[in-house]
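This is what each chain is made of:
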Amino acid sequence: MLDWVWSLEHIVFSLTALILTFVYINRGWEELLRILVIGLKQLPGVEEVLRYVLRQQVKDFVQNSTLRKSDGSAPKVLVPKTGIPTDKLREELKELKGRETDPEEGKIFAYVYTQEGDHFDIQTEAFAKFQEKLGYSVDHDCIVKEFHHAFLHENALNPMVFPSLRKMETEIVSMTAGMLHGSDECVGFLTSGGTESNLMAVKAYLNRAKKMYPTIKKPEIVAPITIHPTIDKAADYFGLTVIHTPVDEGFRADVEAIKKAITPNTILLCASAPQFCHGIIDPIEEISHLALKVGLPLHVDGCFGGYMLPWVEKLGYDIPSFDFRNPGVTSMSADVHKYGYGVKGSSVILYKNNDYRRHQVYTYARWPGGLYGSPSMAGTRPGGNIAASWVAIRALGEDGYMKRAKELMDATDRLKEGVRQIEGLKILGTPHMTCFAIGAADPEVDIQAVADVMDGKGWKMERNQTPNSLHLSILPSHIPVVDDLLTDLKAATERVKGDVTLSKNGTAGVYGMIATIPDKSIVDDFLVEFFCQVYS
């Protein structure tokens, strides 16, 4: 028996040596060494040792580069308790700009292609004319615009070229993580918006699954039907399948349905805080327990509520646990350009720790143009958005966010109570923050027709389906028009109730037609044709 084992070992060794010899002869030393390293990495503990060595090498490199911090640490930065005065922020802007290499000096050979002058000025002027008012205050708009324009043409593609942008991005991530109860290990990146944040989360978990579970060939995501379509968009982009589960009567994710939908192909669970349709938070705590039990990561889409729910909770509203306080939550998204009152587009994708985040980064080490790496979908990332987001958060502080949250929740409560007083209307479920959905409490009221009548009065209504309802996100501009909105909504409801023909016209007719089509792929084709014609 021992002789047979010895012979087999000799054959295996000889074949291995022969194969490596042929590799060397045909492809050279570099390929031979690459194969040997790949083989060594399969041995227990080797990859962990390599990762530790690489981490130390990167740390030393950063300490000796333009990214160096005085003590070599990455200090955690929290949302300031009170907003920082604009005069002090302007002094910081001057200091930050003073550290940067001026592109006009001709010492940068990539990243910035514009030059100061009339052409530069007309672009800045055009941008300013179409830049949205953030809605908090005139002073807030001004300081955010100043920072945005100061870094309008800077590029965050390479963090070593504009270290101020890197500083601002890491501090935005840190402040967002602290707001959502992330631990000291919580990390993330800035993205162009909620879509990209959710895309990056799905991409990271797909890469993680490929590495940890290579036998999974048809990866799946399990998420409630109310999850934002950006999760489906990510699945479409990256070749996954989303298994949608139903919601309960209160429009909250059905945890038991999620549990039953999990298969050996499941690589990710998703939930919302809150879901956009009705403004209701999924039972994150229960889904977190499930995720831990089955050993799956859990992504919480907080793009809409990430910068509102923390303050609503502090105001004393009954908000179910939705963030990193739940140990099963491994990532969250939160949009700065929504209730963070920053410019479009700016969002944060957070991960529980770097073991999850590392799977988001794309790298390519074999390009003749140099070492390439990118943490997001976009390569070029506008510096103005980063600077504007950073100053928006610091200018407001906790007290500024709390003040606005209270004003918006007061307006939301008034609107919800007013809707309940209108005969034929109702609020769907129990919304948790500054948004809600209005449904029909009377079969004679077509809520889509109500939306058409409201459109005729100048209100741009957002429409939900299954069930048909109207979505209202309450913004600072709505505070002074609460009474006008309720008056027009009551009149529109009364008009629709007395005229059934309104259900056959306008958008109400389109939604009615769509509801009768059993094959929704036909509706998808309709939407494709719509976008093609609109942008022709």
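Conventions we followed
Residues numbered from 1 in each chain as written. Predicted model: local features only at pLDDT ≥ 70, side-chain atom pairs only at ≥ 80, totals over all residues. Heavy atoms only, no water. UniProt positions renumbered as here; feature names shortened; annotations may be inferred. Helix = DSSP H or I, 4+ residues; strand = E, 2+ residues; numbered from the N terminus. Expected span 1.5 Å × (residues − 1). Buried < 20%, exposed > 50% of the residue type's maximum accessible area, 1.4 Å probe, protein only. Arc of directions from axis to C-beta. Contact = heavy atoms within 4.5 Å. Pairing = 2+ DSSP bridges. Axes fitted to C-alpha atoms, helices over the stretch in contact; angles between N-to-C directions. Salt bridge = Lys/Arg side-chain N within 4 Å of Asp/Glu carboxyl O. Disulfide = S-S within 2.5 Å. Parallel < 35°, antiparallel > 145°, perpendicular 65-115°, else oblique. Left-handed = near helix turned anticlockwise from the far one by under 90°. Lys, Arg positive; Asp, Glu negative; His and termini not counted.

If you check an unreviewed UniProt entry, the protein appears there as sphinganine-1-phosphate aldolase from Magallana gigas. Recorded in UniProt under Cofactor (unreviewed entry), the annotation for the protein is "pyridoxal 5'-phosphate". As stated in UniProt under Sequence similarities (unreviewed entry), the record for the protein gives "Belongs to the group II decarboxylase family. Sphingosine-1-phosphate lyase subfamily."

Draft legend 1. Highlighting helix H4 (residues 86-99). Look at H4: 20 Å from first C-alpha to last across 14 residues, which is about the 20 Å you get at 1.5 Å a residue. For H4, every residue scored as buried is listed here: Leu89, Glu92, Leu93 and Leu96. All buried residues of H4 fall inside an arc of 110° around its axis, so they share one side. Within H4, the exposed residues directed more than 90 degrees away from the buried face are Asp87, Glu91, Lys94 and Gly98. Buried residues belonging to H4 abut helix H6 (138-150), helix H7 (163-179) and helix H14 (383-420).

Draft legend 2. The arrangement of the sheet that holds strand S10 (residues 425-427) in detail. Spatially, S10-S11-S13-S12 is the arrangement adopted by the four strands of the open sheet, whose pairing is antiparallel. Of all the strands in the sheet, the pair left with one neighbour each is S10 and strand S12 (462-464). If you compare each strand with its neighbour and ignore which way they point, the axes differ by 35° on average.

Draft legend 3. Focus on the pattern of salt bridges. Following the criterion strictly, the structure yields 16 salt bridges and no others. Note that Arg325 and Asp323 form a salt bridge whose closest N and O atoms lie 2.8 Å from each other. Relative accessible area serves as the criterion here: at 35%, Arg325 is assigned to the partly exposed category. What emerges from the salt-bridge pattern is a single network uniting Glu313, Asp323 and Arg325.

Draft legend 4. Fine view of helix H11 (residues 284-294). Those residues of H11 that fall on the buried side of the exposure criterion are Ile284, Ile287, Ser288, Leu290 and Ala291. One face of H11 carries all of its buried residues, which in axial projection span an arc of 165°. Residues of H11 that are buried in the fold lie against helix H10 (255-261), strand S4 (266-272), strand S5 (298-301) and strand S6 (329-335). Among the residues trailing H11, Gly295 stands out with phi positive, at a value near 75°.

Draft legend 5. Representation of the pairing of strand S11 (residues 435-440) in the model. Counting buried residues along S11, five of its six residues qualify, which places the element largely inside the surrounding structure. In the sheet, S10 pairs with S11 via three bridges, with the strands oriented antiparallel. Across the sheet, residue Ile427 finds its bridge partner in S11, namely Ile438. Bridge count for S11 against strand S13 (residues 469-473) is four bridges, and the pairing is antiparallel. From the neighbouring strand, Phe436 faces S13, where its bridge partner is Leu472.

Draft legend 6. Here's a closer look at the state of the cysteines. Following the criterion strictly, the structure yields zero disulfides and no others. Here Cys435 stays unpaired: no disulfide links it, and the sulfur of Cys277, its closest cysteine neighbor, is 9.6 Å away.

Draft legend 7. Fine view of the packing of helix H8 (residues 194-212) against helix H9 (residues 229-238). Closest axis-to-axis distance for the H8/H9 pair is 9 Å, and the angle between their directions is 50°. As the angle between them shows, H8 and H9 are arranged oblique. When you trace H8 past H9, the crossing you get is right-handed. On H9, the residues that touch Thr195, Asn198, Leu199, Val202, Lys203 and Leu206 of H8 are Thr230, Ile231, Lys233, Ala234, Tyr237 and Phe238.

Draft legend 8. Spotlight on the side chain of Arg208. With respect to the helices and strands, the residue Arg208 is situated in helix H8. Of the buried charged residues, Arg208 lacks a salt bridge, with Asp355 as the closest side chain of opposite charge at 8.4 Å. The residues contacting Arg208, other than those within four sequence positions of it, are Tyr213, Pro297, Tyr356 and His359.

Draft legend 9. Main features of the sheet that holds strand S1 (residues 187-191). The strand order S1-S7-S6-S5-S4-S2-S3 describes an open sheet built from seven strands, whose pairing is mixed. The outermost strands of the open sheet, each flanked by one partner alone, are S1 and strand S3 (241-245). In this sheet, neighbouring strand axes are inclined to one another by 20° on average, regardless of whether the strands run parallel or antiparallel. Two elements, strand S2 (residues 220-224) and S4, share three bridges in a ladder whose sense is parallel. Across the sheet, the residue bridging to Ile221 is Leu268, located in S4.

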